[in-house]
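In case you want the letters, here they are:
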Amino acid sequence: MHFALSYQFVDGFTEKRTPYRGDHLALICAARDRGDLLMAGALVEPTDGALLIFRGHSPEVAEQFAKTDPYVTGGLVTSWQVRKWMTVVGDGAVMPLLPPA
């Protein structure tokens, strides 16, 4: 299963993130190296949020990531949400049964 973690950032996030960025990227890399995190990145123009895609059996991996992310604990994330993502196409997608053509 896949889970999407979405963040909403404070105003001026890009300027405020510098003290937290190294630790945030280390957390990102560790999650990727474990195979939990598939993709992550900021939403731009404007940079007001981010989207991170996790793989797991439950939303717990994504929730634990958010609870320990320096961007969250440092107050740069105003809100976050984890939602189950029904994948259809792509590496590791869980294709639902399609009706016969």
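Residues numbered from 1 in each chain as written. Predicted model: local features only at pLDDT ≥ 70, side-chain atom pairs only at ≥ 80, totals over all residues. Heavy atoms only, no water.

Visitor: Whenever I open this one, unusual backbone geometry confuses me. Can you help?
Guide: Comment: phi is negative for the bulk of residues other than glycine, and the bulk of peptide bonds are trans. In this structure, Pro-46 follows Glu-45 across a cis peptide bond, with omega equal to 10 degrees. Along the chain, the position of Pro-46 falls in the loop between β2 (37–43) and β3 (49–55). Even without being glycine, Glu-45 reaches a positive phi, approximately 55 degrees. Structurally, Glu-45 can be placed in the loop between β2 and β3. (Helix = DSSP H or I, 4+ residues; strand = E, 2+ residues; numbered from the N terminus.)

Visitor: Please clarify how the side chain of Thr-87 should be interpreted in this entry.
Guide: By secondary structure assignment, the location of Thr-87 is in the segment after β4 (77–85). With relative accessibility at 5%, the residue Thr-87 sits in the buried group. Engagement of the side chain of Thr-87 in a polar contact is seen with the side chain of His-2, the distance being 3.3 Å. (Buried < 20%, exposed > 50% of the residue type's maximum accessible area, 1.4 Å probe, protein only. Polar contact = N/O pair within 3.5 Å; in protein donor to acceptor, adjacent residues only side chain to side chain.)

Visitor: Would you explain the packing of aromatic side chains in this entry?
Guide: When we look at a pair of aromatic rings, we describe it by the centre distance and by the angle of the planes. Evaluated as defined, the whole model comprises five aromatic pairs. Aromatic side chains Phe-13 and Tyr-71 sit 5.2 Å apart centroid to centroid with 85 degrees between the ring planes, which places their arrangement in the edge-to-face category. Of this pair, Phe-13 sits in helix α1 (residues 13–16) while Tyr-71 sits in helix α4 (residues 70–73); the two residues are 58 residues apart in sequence, bridging distant segments of the chain. Each member of the pair Phe-13 and Tyr-71 is classed as buried. Through a chain of ring-to-ring contacts, three or more aromatic side chains come together here, namely Tyr-7, Phe-9, Phe-13 and Tyr-71. (Phe/Tyr/Trp six-rings, centres within 6.5 Å; stacked < 30°, edge-to-face > 60°.)

Visitor: Quick question: what am I supposed to make of helix α3 (residues 60–68) here?
Guide: Think of an α-helix as 3.6 residues a turn; residues three or four steps apart then line up on the same face. Three or more residues of α3 are buried, namely Ala-62, Phe-65 and Ala-66. On an axial view of α3, the arc spanned by its buried residues comes to 95 degrees, and they lie on one face. Along α3, the residues that are exposed and aim more than 90 degrees away from the buried face are Glu-60 and Lys-67. (Arc of directions from axis to C-beta.)

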